[in-house]
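What follows is each chain in one-letter form.
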Amino acid sequence: MKVFKFGGASLNSVERIQNVAEILKTYEGEPLMLVMSAMGKTTNALEKVAEAFYAGNKEDALNLFNLVKENHLTTAKYLLVTTYNITFDLLNSFFTEVEWLLHDKPVQPFDYYYDQIVCIGELLSSCIVSAYLNEKAITNKWMDVRDIIRTDNNFREANICWDDTIKNIKRAGINGKSTIYVTQGFIGATDQNESTTLGREGSDFTAAIFANVLEAENLTIWKDVEGVMSADPKIFPGACLISELSFNEVIEMAFYGAQVIHPKTIKPLQNKRITLQVKSFLDPSLPGTTISNKASKNLPPVIVLKNKQVLVQLQTMDFSFIGERPMSLLYHLFAELNIKPNLIQTAAINVQFCLDDREEKIQQLAVKASEIFDVQIERDLTLLTIRHYDDTTLAQLLKGKQVVLTQKTKTTLQALYH
């Protein structure tokens, strides 16, 4: 069996969904597991719905959700003929899941509502794609991944319950015969049937879970670029294709925020020695990038930018040294609030770390940390990471920038700047 993951960019228009069918025709007769992301910018749109709902703006939330509904119904009308009515009924059941919630008042933390609302994006897209493929004689079975991927209740960054997930995959009867399955990435459910998400870009991770459990021949991630690039070509036009990468290199790139692969994707593949391919859905004939256990050589500078960063500076109140106890308490807070610093640096009496700007979590951290530290917060920063940096690349990228924090090793440099 092969596992294919189609990202949001490959599903963001009628023409691109039609292109998915053309790609699949070249794999006729092969068993495939297709993992679908939400269409285009649907996840961003649903995030706005969740934010409006949690802020108490019910009408705004409903209006924003109506836009999502209309977009998907329009796409379904353009694509579907014989299966439109039955697909409409399924779409409507997903719409109702969210609308029922939006008419209520929030009593749970934001992250809980985020997952119940945002998870709908993948369900809608996969439902439409599955119906379209069936109309094109690419017979497939649609599956609600929430019946399969079991997680804990760490909403927005749920952890996989592997034993239960493996049992569910086997119980679902997924096998290596010439069957095509269509399911969703990014989402799962608790044992209480509460929807969860696996972190942004988590569809890659979902695909890797299926590849691992099914012992797939390979996993292919279809993207709107040639393969893994040395930088985001939309920001850096001079970015070049990297044709071969090691698992070690890719996991480092993902750790520092490269959007090509979700950070958790690699371990399930590497453990079973399953090759990962990143290919262009715009031109499937291109070779793309192959990721395996083979060591990477002669890599160019790899550039990763993360915007909307926050610098948190903690200083001991009595000018005592930052020792084992304060750092232990700090890491306990990170674990308690499920916060992952993108950069951390310690000095004699202070510690500085850079985080993604998630306001609610940062407020919680600041309140708890203020019991033992003086806390200062600086927002609207950008974190630059360069793997395999050189002086020329560094000078070009930092020219005119006001750098507030720098950290470097033999292979990696990070700079936080305005």
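Predicted model only: the values in this text are computed from it and were never measured.

The next point concerns the sheet that holds strand β2 (residues 32–36). As summarised here, the arrangement of the 8 strands in space is β3-β4-β2-β1-β7-β9-β10-β8, forming an open sheet in which the pairing is mixed. What marks the edges here is a single partner per strand, and that holds for β3 (140–142) and β8 (244–246). For this sheet, the mean angle separating the axes of adjacent strands, direction not counted, is 20°. Taken together, the 3 bridges between β3 and strand β4 (residues 180–184) define a ladder with parallel strand orientation. Residue pairing across strands places K141 opposite Y181, the latter belonging to β4.

Bringing the packing of helix α7 (residues 162–171) against helix α8 (residues 203–214) into the picture now. Look at α7 against α8: their axes get within 11 Å of each other, and the N-to-C directions meet at 70°. When the axis of α7 is compared with that of α8, the two are roughly perpendicular. Seen from above, α7 lies across α8 with right-handed handedness. Facing α7, whose interface residues are W162, T165, I166 and I169, α8 presents I209, F210, N212, V213 and L214. For the contact of α7 with α8, a count of residues per class yields 7 nonpolar, 2 polar and no charged.

It is worth spelling out the environment of S230 at this point. Topologically, S230 is positioned in the loop between β7 (218–223) and β8. Of the residues examined, S230 reaches a relative accessible area of 6% and is grouped as buried. Excluding anything up to four places from it in sequence, S230 contacts A239, C240, I242, P300, P301, V302 and I303.

Attention shifts here to the pairing of strand β13 (residues 350–356). For a regular strand, side-chain orientation follows a simple rule: the groups alternate between the two sheet faces. The buried count for β13 comes to 5 of 7 residues, which makes it a mostly enclosed element. With 7 bridges joining them, strand β11 (residues 302–316) and β13 adopt antiparallel strand pairing. Across the sheet, the residue bridging to L311 is C354, located in β13. Direction of pairing for strand β12 (residues 343–346) relative to β13: antiparallel, over a ladder of 4 bridges.

Let us now look at the environment of S37. Structurally, the position occupied by S37 is in the loop between β2 and α2 (42–54). In this structure S37 comes out as buried when scored by relative accessible area, which is 8%. Each C-alpha atom, one on S37 and one on G202, is 8.9 Å from the other, the two residues being 165 residues apart in sequence. Of the polar contacts made by the side chain of S37, one reaches the side chain of S203; its length is 3.2 Å.

Take the sheet that holds strand β14 (residues 373–387) next. With antiparallel pairing, the 6 strands of this open sheet are ordered in space as β12-β13-β11-β14-β16-β15. This sheet does not close on itself; its edge strands, each paired only once, are β12 and β15 (403–408). For this sheet, the mean angle separating the axes of adjacent strands, direction not counted, is 25°. Packed onto the sheet, helix α11 (residues 324–337) meets β11, β12, β13 and β14 and runs at close to 10° relative to β13. Lying on the sheet, helix α13 (residues 391–398) is in contact with β11, β14, β15 and β16 (412–417); it crosses β14 at an angle near 130°.

Criteria and thresholds
Residues numbered from 1 in each chain as written. Predicted model: local features only at pLDDT ≥ 70, side-chain atom pairs only at ≥ 80, totals over all residues. Heavy atoms only, no water. Pairing = 2+ DSSP bridges. Helix = DSSP H or I, 4+ residues; strand = E, 2+ residues; numbered from the N terminus. Axes fitted to C-alpha atoms, helices over the stretch in contact; angles between N-to-C directions. Parallel < 35°, antiparallel > 145°, perpendicular 65-115°, else oblique. Left-handed = near helix turned anticlockwise from the far one by under 90°. Contact = heavy atoms within 4.5 Å. Nonpolar A, V, L, I, M, F, W, Y, C, P; charged D, E, K, R; others polar. Buried < 20%, exposed > 50% of the residue type's maximum accessible area, 1.4 Å probe, protein only. Polar contact = N/O pair within 3.5 Å; in protein donor to acceptor, adjacent residues only side chain to side chain.

Take it as geometry only, folks, not as evidence of what the structure does.
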